[in-house]
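Close look at the chain arrangement
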Amino acid sequence: MRTSALDRAIARLAGDGARTLANRFLSVSTDPCQGDPGALALREATRRGDWPAVRAILAAVTDGNVRNFYLRIVSATRGTQTWLEQAVLADSGDTLAMLTYGYRLIDWGWEARGSGAASSVSRGQFRTFGERLARAEAFFGEVVRRNPGDADAWTGLVTCNRGLQRGHDEAWRRFNGARAADAGHLGAHRSMLQQLCGKWGGSDQVVHRFAVDSAYSAPEGSPLTCLVPEAHIEIWVGGGGLKYIRQPAVIEELRKAAAWGPGSPAYRPLPGDAVVHNLFARAFMNAKLRSEAAPHFAASGNRVVAKVWAADAGYIWPESLIHLSYLRERSKAGR
């Protein structure tokens, strides 16, 4: 995410940066750990470069959605590629090391590319981006060759497919591998949803159909229901506008998905699930349904998923504005 002059100034004053100051004075957080003790311990181990500790935490996770959330905590930590590469070289049979390094290579690749439109990316940036994603793709490919049931590796392949422009047929092959390994894997579904958006060669109709089919074929209480608000937000941002998301048919879909998913007694909170409530809160607010957004703000608490609230700004808002945007919308909803 772009760092603004305001964020840089705050960082100089606050020591731990804009995030710490915002947590203290705004009572919200874009911290990717979302207050989860396991994620916080994992991040500390990651910052120390302690691969044995990182590995132990990841290996102990049995839930696929939680492991994917944890992998992204490691991958988002800058500089980890150096010691993760060493971990892979130290044990060529450690598929967890390959998997973790692959996720870091994806983030490292996007760091090189930047978050702007393709027209703003230099040839050198594209080259570095492609090289890093190709390396990640190779590691993920080796993991699924040894263990076809690793949904996180298939998910990484779906993401690499998008960046390397392998096409939709290959994306579906990879996604089907993830779905066969773990039918409820949220990371795999969200990555495929992005692939199907118009900005990546898909269409509004295709991404909408995918979201609805995935949400309602999942068991009641599934976090996959958040694909419905995510698809509608993507269509809104892609040109549909607020008139689109306020259509009665769209509102009915949002209500149905919320009732089937996080609004159901069958829903079980899990680490990293702030994105589910953030997506519903944002979609309901865009649809002018403040009372229906309120329970999702309550469930999110102070956990802000930055990309959800910066979606209409090309994902480049500084953190300081994301905090304020979330607070403003939460206040409108009476939370």
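Structure shown above.
Note that the coordinates shown come from a computational prediction; the quantities given were computed from them, not determined experimentally.

Burial of helix α11 (residues 186–196) is extensive: 10 of the 11 residues sit out of reach of the surface. Within the span of α11, buried status applies to Leu 186, Gly 187, Ala 188, His 189, Ser 191, Met 192, Leu 193, Gln 194, Gln 195 and Leu 196. Among the structural elements, α5 (64–75), α9 (151–164), α10 (168–181), α12 (204–217), α13 (227–245) and α15 (274–286) are those in contact with the buried residues of α11.

Next up on the list: unusual backbone geometry. One non-glycine residue with positive phi stands out, namely Gln 34, at about 55 degrees. With respect to the element layout, Gln 34 can be found in the loop between α2 (18–26) and α3 (37–48). Of note, Lys 288 is a non-glycine position whose phi angle comes to about 65 degrees, a positive value. Its location among the elements puts Lys 288 in the loop between α15 and α16 (290–300). For Lys 288, a relative accessible area of 60% puts it in the exposed group.

Tallied over the entire structure, the rule returns 11 aromatic pairs. Ring centres of Trp 172 and Phe 210 lie 5.9 Å apart, and the angle between their planes is 75 degrees; this geometry places the pair in the edge-to-face category. Placement of Trp 172 in helix α10 and of Phe 210 in helix α12 is noted, with a sequence separation of 38 residues between them. Taking the relative accessible area as the measure of exposure, Phe 210 reaches 6% and is therefore buried. The rings of Trp 172, Phe 175 and Phe 210 are connected pair by pair, giving a single aromatic cluster. Directly above the aromatic system of Trp 108 lies the positively charged group of Arg 132, at a separation of 3.6 Å from the ring centroid. If you follow Lys 256 out to its NZ or CZ, it ends over the ring of Tyr 216, 4.4 Å from the centre.

Before going further, it helps to spend a moment on α15. Given a rise of 1.5 Å per residue, 13 residues ought to cover 18 Å, and the 18 Å separating the end C-alpha atoms of α15 matches this to within 8%. Positive backbone phi, approximately 65 degrees, marks Lys 288, located one or two places after α15.

Before going further, it helps to examine the pattern of salt bridges. One side chain can pair with another of opposite charge once the charged atoms of both are near each other. Applying the stated criterion across every chain, the model contains 22 salt bridges. Among the ionic pairs, Arg 174 bridges to Glu 137, the shortest N-O distance being 2.8 Å. Remark: Glu 137 occurs in helix α8 (residues 123–146) and Arg 174 occurs in helix α10; sequence separation between them is 37 residues. Like Glu 137, Arg 174 is buried. Here the salt bridges share partners, and the residues they tie into one network are Glu 137, Arg 166, Glu 170, Arg 173 and Arg 174.

Thresholds applied
- Residues numbered from 1 in each chain as written.
- Predicted model: local features only at pLDDT ≥ 70, side-chain atom pairs only at ≥ 80, totals over all residues.
- Heavy atoms only, no water.
- Buried < 20%, exposed > 50% of the residue type's maximum accessible area, 1.4 Å probe, protein only.
- Helix = DSSP H or I, 4+ residues; strand = E, 2+ residues; numbered from the N terminus.
- Contact = heavy atoms within 4.5 Å.
- Phe/Tyr/Trp six-rings, centres within 6.5 Å; stacked < 30°, edge-to-face > 60°.
- Lys NZ or Arg CZ within 6 Å of the ring centre and 35° of its normal.
- Expected span 1.5 Å × (residues − 1).
- Salt bridge = Lys/Arg side-chain N within 4 Å of Asp/Glu carboxyl O.

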